[in-house]
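Spelled out, the chains give:
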Amino acid sequence: MDTTVHHGAMFDTDELVLNMGPQHPSTHGVLRVVLRLDGETVVDVDVVMGYLHRGIEKLSENRNWTQIVLLTDRMDYVAAATSNVGYCETVEKLMGLEVPRRARYVRTILCELQRIASHCLWVGTHAMDIGAMTVFLYAFRERELILDLFEEFCGARLTYNSMRIGGLPLDIPPGWDKKVLEFCRIMEQKVGEYEELLTHNRIWLERTKGIGVISGPDAAALGLCGPTLRGSGVPRDVRKDEPYAAYDEMAFDVPVGTAGDTYDRYLVRMEEFRQSLRIIRQATEGLPEGPIVGKVPRLIKPAAGETYHAIESPKGELGYFIVSDGKSTNPYRFRVRPPSLCNLQGLRRLVKGHLVADVVALIGSIDIVLGEVDR
Amino acid sequence: MIDSFVVPLLKILVVLNATLVGVTYMILLERKVIAWAQSRLGPMRVGPYGVLQPVADALKLMIKEDITPVRADKWVFTAAPIIAMVPALIVYAVIPFGPEVSLFGRPVTLYVTDVNVGLLYIVSVASVGVYGIILAGWSSNSKYPLLASLRASAQLISYEVAVTLTLVSVILVAGSLSMVSIVRAQESGHVWFAFLQPMAFVIFFIGGLAETNRAPFDMPEAEQELTGGFHTEYSGMRFALFFLAEYANMIVVSSVATTLFLGGWLRPFPNVAFLSFLGIIPSWAWFLLKSFGFLYVFIWIRATLPRYRYDQLMRLGWKVLIPLAIINLVVTAIVKVMVH
């Protein structure tokens, strides 16, 4: 990268090129951000990615339809169940499969639990980046409870492989729904605890208000999605706009921000904690009886055709575009619209003109997972 | 011979060793307190409840490889940790841990020395310490440490002024620069200076946090931004020296705050007769107790608050603390003149 030399009255000053990452404590994985600094002010920024590329999309074209579920776990590894649901629903849409109501309800519960787990990780690391380290431990404590619930449901704690095309691999264990409700009760208080530490904290306000402001139209034009977009006041939420799973039967609000700064994005996600709890309660209390798998053919082999289906992952709109040639038992083309990547595109726009300390705050604010950015 | 040479030497030895042990256990305390704040246990493996952790840490750091980066300025790189550590230790020479007591039938003062410009000595020596950080950042010849050392120098200038101004108002009230006289003044005045000079007390405390690079002002070593800041390139014992210097400075700030504002070694209400049962606790223990209170608050703040940004810290220093300190100083002077 070229640096500009400013010829001053007494001294020539140089821009400083600072390589942040791929090994840096606050880039949330292996993101590399090349900063051009004037003092501590960021003049320009270059985002370099690809350090975690495993070729999941290409790999998927050589696996049969059921095996791909396992690969989707490895994209957004802090919200694996959401990726599972997104993929399975896309294939169901492609095949025109009917999913039983009970399975759709359980999927909704899992997706929302996953959203809370992912947001826990986000609030912890985001606060940690800004220097509030206790929130990190608190959030991980509650995330642990969710991982326990997942472990009881499917045996895994991180990469769940928890969905099957047409429904669920297994029914929920007896008493699980009680534990979920108990978790909701605990979590409700704990969200208040995080907010007590941050929301009205003067230093937190100074560090997040007015940082990385982006207007609604600009954010939409950049392709930002999820809470990052909603923080700018655009009420776009796939759960409301194009309901999937059992979201059409749930009552919930979509929180939006007004200023479009880091603080608003923070508030949106904090409110999403509460809305997710609300959905989980409704779905768990109204969980219908019935089968957990629809009428799925022994050999999954969709007819020739293509489809795009999106769901609202914790990070934003997670879309799958799948083409089937109707002849083989694997997809002809498999492509993911990763919300983390789309949000990462906004980073350059957000960071310019701010200070080094704000760069880490903004990386935290857009909530990326490098496994999903690079795939 | 004994009074002029042996006794001072013994005192220096005791203070130096007590400080170093205190510093290592300070690190353990910080880890424990933060762990409790974060609902975890902290170090538990070395000794019961991890009490031997400092020993293990020291041993580990001593036998670790001490790396000097090829492109570093070798002499300055070696000198920097020493420059950081030494001032932090020699400040203890004038801190009064207690009054004159009788030990083995011989009157012994519980401080190494009492110079009549004690406070000035502390301020000047303590400000040398920051050169260690600045030189470490510069000599590492690496970008993150360089940014950190820039931050450190900016931070020093902003806060040294405010802190020193608060000290001046304390000097006005006490009428002396000697640390012992300041404590005596609080005894004869029947009041801790924290109540006479509340504004100075608060400014001194905030400034103290900034001077010791503690949260929420720990920008020069902001781990999440500058990957450790000025000590990024340091390892082994030289890294340990920086670490020890930071904690030694914390103890210095706590001790100075105790002496200036909380009556030093005096028990609460030293002139109220019916509270004399408090005298069971010896004077030096009162001093340690009060200093410990400060240290605990330091740790507590670190566990609770996010970090300020560099420019916000400067703004707070120049636009809030320094004007307030000046106002406080002027008001103190006017009141002082009017009372006389």
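Residues numbered from 1 in each chain as written. Chains lettered and ligands numbered in written order. Predicted model: local features only at pLDDT ≥ 70, side-chain atom pairs only at ≥ 80, totals over all residues.

**Observations regarding the overall build of chain B**
- What chain B contains, in helices and strands, is 12 helices and two strands.
- In sequence order, chain B lays out its α and β elements as α-α-α-β-β-α-α-α-α-α-α-α-α-α.
- Expected size for 340 residues packed as a compact globule is a radius of gyration near 20 Å; at 21 Å, chain B falls within 12% of this value.
- Taken over the C-alpha atoms alone, chain B extends approximately 60 × 50 × 45 Å along its principal axes.
- Taking all 340 residues of chain B together, the buried fraction comes to 46%.
- Across chain B, the fraction of contacts at a sequence separation of at least 24, relative to all contacts at a separation of at least 6, is 77%. (Helix = DSSP H or I, 4+ residues; strand = E, 2+ residues; numbered from the N terminus. Rg over C-alpha atoms; globule rule 2.2 N^0.38 Å. Buried ≥ 20, exposed ≤ 12 C-beta atoms within 10 Å, placed from the backbone. Contact = placed C-beta atoms within 7 Å.)

**Some remarks on the overall build of chain A**
- When its secondary structure is counted, chain A shows 15 helices and eight strands.
- Relative to a compact globule of 375 residues, whose C-alpha radius of gyration would be 21 Å, chain A shows 21 Å and is just as compact.
- Overall, chain A is about 80 × 50 × 35 Å in size when its C-alpha atoms are taken along their principal axes.
- In chain A, which comprises 375 residues, the share counted as buried stands at 53%.
- Put simply, of all contacts in chain A between residues at least 6 apart along the chain, 70% involve residues at least 24 apart.

**Side note on the domain arrangement of chain A**
Residue and element names in this part refer to chain A.
- Partitioning chain A into domains gives domain 1 (5-48) and domain 2 (56-374).
- If you average the C-alpha positions of domain 1 and of domain 2, the two centres end up 32 Å apart.
- A per-element tally of the side of domain 1 that touches domain 2 places strand β5 (residues 41-48) first, with five residues.
- Broken down by class, the residue content of the side of domain 1 that touches domain 2 amounts to nine nonpolar, five polar and two charged. (Domains from an automatic or database assignment. Nonpolar A, V, L, I, M, F, W, Y, C, P; charged D, E, K, R; others polar.)

**Brief notes about the interface of chain A and chain B**
- Contacts between chain A and chain B engage 24 residues on the former and 22 residues on the latter.
- The dominant element in the side of chain A that touches chain B, judged by the number of residues it contributes, is helix α7 (residues 202-208) of chain A, at four residues.
- Here the residues of the side of chain A that touches chain B sort into 14 nonpolar, five polar and five charged.

**Examining the environment of Ala357 of chain A**
Residue and element names in this part refer to chain A.
- When you line up the elements, Ala357 lands in helix α14 (residues 356-366).
- Residue class for Ala357 comes out buried when judged on the 26 C-beta atoms lying within 10 Å of it.
- Along the chain, Ala357 and Trp176 lie 181 residues apart, while their C-alpha atoms are 43 Å from each other.

**Looking at the sheet that holds strand β3 (residues 16-20) of chain A**
All names here are of chain A.
- Taken in spatial order, the three strands of this open sheet run β3-β4-β5, and their pairing is antiparallel. Each having just a single partner strand, β3 and β5 make up the two edges of the open sheet. The mean inter-strand angle of the sheet, taken between neighbouring strand axes irrespective of direction, is 20 degrees.
- Note that β3 and strand β4 (residues 32-38) share five bridges and pair antiparallel. If you follow Val17 over to β4, its bridge partner there is Arg36.
- Against the sheet, α14 makes contact with β3, β4 and β5, and its axis sits at roughly 150 degrees relative to β4, the strand it touches most. (Pairing = 2+ DSSP bridges. Axes fitted to C-alpha atoms, helices over the stretch in contact; angles between N-to-C directions.)

**Quick notes on unusual backbone geometry**
Residue and element names in this part refer to chain A.
- Here Asn161, not a glycine, exhibits a phi torsion of approximately 50 degrees, which is positive.
- Structurally, the position occupied by Asn161 is in the loop between α5 (133-154) and α6 (176-198).
- Look at Asn161 and you get partly exposed, because 19 C-beta atoms sit within 10 Å.

**Here's the deal with the pairing of strand β2 (residues 106-109) of chain B**
- Inspection of the sheet shows strand β1 (residues 100-103) of chain B paired to β2 of chain B by four bridges, in the antiparallel sense. Bridge pairing in β2 of chain B places Ser102 of chain B opposite Pro107 of chain B.

**Observations concerning the environment of Val48 of chain A**
Residues and elements named next belong to chain A.
- The residue Val48 is located in strand β5 in this model.
- Once the C-alpha coordinates of Val48 and Leu31 are considered, the two residues, 17 residues apart in sequence, prove to be 6.6 Å apart.
- Apart from the residues within four sequence positions on either side, Val48 is in contact with Arg32 and Val34.

**Comments concerning helix α10 (residues 236-261) of chain B**
- Here α10 of chain B is 26 residues long and its end C-alpha atoms lie 38 Å apart, about the 38 Å a rise of 1.5 Å per residue gives.
- The buried count for α10 of chain B comes to 22 of 26 residues, which makes it a mostly enclosed element. (Expected span 1.5 Å × (residues − 1).)

**Regarding the sheet that holds strand β6 (residues 305-313) of chain A**
Residues and elements named next belong to chain A.
- Overall, antiparallel pairing links the three strands, which are arranged β6-β7-β8 in an open sheet. Looking at which strands have only one partner, the edges of the open sheet turn out to be β6 and β8 (333-337). Each adjacent strand pair in this sheet contributes to an overall mean axis angle of 15 degrees, direction not counted.
- Note that β6 and strand β7 (residues 316-324) share nine bridges and pair antiparallel.

**Details of the packing of helix α8 (residues 198-211) of chain B against helix α12 (residues 310-339) of chain B**
Residues and elements named next belong to chain B.
- Where α8 meets α12, the axes come as close as 10 Å, and the angle between the chain directions of the two elements is 150 degrees. If you check the angle between α8 and α12, you find them roughly antiparallel. When the axes of α8 and α12 are compared, the crossing they make is left-handed. Taken together, the residues of α12 that come into contact with α8 (itself represented by Met199, Ala200, Ile203, Ile206, Gly207 and Ala210) are Leu313, Leu321, Leu324, Ala325 and Asn328. (Parallel < 35°, antiparallel > 145°, perpendicular 65-115°, else oblique. Left-handed = near helix turned anticlockwise from the far one by under 90°.)

**Let's talk about helix α3 (residues 80-95) of chain A**
Residue and element names in this part refer to chain A.
- Between its first and last C-alpha, α3 extends 23 Å over 16 residues, near the 22 Å set by a 1.5 Å rise per residue.
- Of all 16 residues making up α3, 15 are buried, and the element is well covered by its neighbours.
- Looking one or two residues past α3, Gly96 carries a phi angle of roughly 65 degrees, positive in sign.

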